[in-house]
Amino acid sequence: MSAFSPPPDPEALERVLSGAALLGVEIDIRFRVLSATIEPAAGRHPLGEVDDARLQVLCHPVSTFLGALERDVDGRGHIETFDTEQLTDVAAAFAGEPLTAPVLGRPEPRPGQWGPQFSIQGRSTAPDGRLRTVTIEVATDDARLRIFARCDEVEVRDPNGEDVEVD
């Protein structure tokens, strides 16, 4: 986050994120950054009417990263595994689906809560990255993707990489 931009107000950020269309997700485990590209629902963009409504939400440093990709197989939920390099492609299958609220502040899922196992998981032993939680959850008729991250900072940027104030 730049020195000139205050952290987003959590309630205002939740209004922007709730129901926003997910366009993509990626994680850089080396730098501990989770990035989600979204398009806010009509009337919820923090800049008002814009030509390009996409926003990038950056979460860092990430200390905990959990994911579950659940597919309906013969009427039963089946957890698929994937790795960090596949996350972008997995998320692309859900492009345009709305985020399930709340996005901020959900508790960390317990083992077995999202299925018999997580599809992907990672934890840092670093002492930072523990102040906030972000849960990205989207679903189609036959699949659901849930990503949980514990981090310290959440930044919002426009398509040009400029900080966007959310208040």
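Residues numbered from 1 in each chain as written. Predicted model: local features only at pLDDT ≥ 70, side-chain atom pairs only at ≥ 80, totals over all residues. Heavy atoms only, no water.

*Asks:* What am I meant to see in the sheet that holds strand 2 (residues 33–39) here?
*Replies:* Within a sheet, adjacent strands bond to each other through the backbone by hydrogen bonds, running parallel or antiparallel. In spatial order, the strands read 1-2-3-9; together these four strands make up an open sheet with antiparallel pairing. Unpaired on one side and paired on the other, strand 1 (21–28) and strand 9 (153–157) mark the two borders of the sheet. Ignoring strand direction, the axes of neighbouring strands in this sheet form an average angle of 20 degrees. (Pairing = 2+ DSSP bridges. Helix = DSSP H or I, 4+ residues; strand = E, 2+ residues; numbered from the N terminus. Axes fitted to C-alpha atoms, helices over the stretch in contact; angles between N-to-C directions.)

*Asks:* Hey, could you run me through the pairing of strand 1 in this one?
*Replies:* Where a strand is regular, its side chains alternate between the two sheet faces. Bridging between strand 1 and strand 2 involves seven bridges; their strand directions are antiparallel. Of the residues in strand 2, the one forming a bridge with Gly24 is Thr37. In this antiparallel pair of consecutive strands, strand 1 and strand 2, the connection spans four residues, and Arg32 shows a positive phi of 60 degrees.

*Asks:* What am I meant to see in the nonpolar core here?
*Replies:* Soluble globular proteins tend to bury their nonpolar side chains together. In this structure, Leu34, Ile38, Ile136 and Leu145 are the most contacted members of the largest nonpolar core, which totals 38 residues. Residue contributions to this core peak at five residues, all from strand 8 (residues 143–151). In this structure Leu34 touches Val25, Glu26, Ile27, Val57, Leu58, Cys59, Val62, Phe65, Ile136, Ile147 and Ala149, once residues within four positions along its chain are discounted. The next biggest cluster of nonpolar side chains, apart from the first, holds six residues, and it includes Leu66, Ile79, Trp114 and Phe148. (Core = buried A, V, L, I, M, F, W, Y, C linked by side-chain atoms within 4.5 Å. Buried < 20%, exposed > 50% of the residue type's maximum accessible area, 1.4 Å probe, protein only. Contact = heavy atoms within 4.5 Å.)

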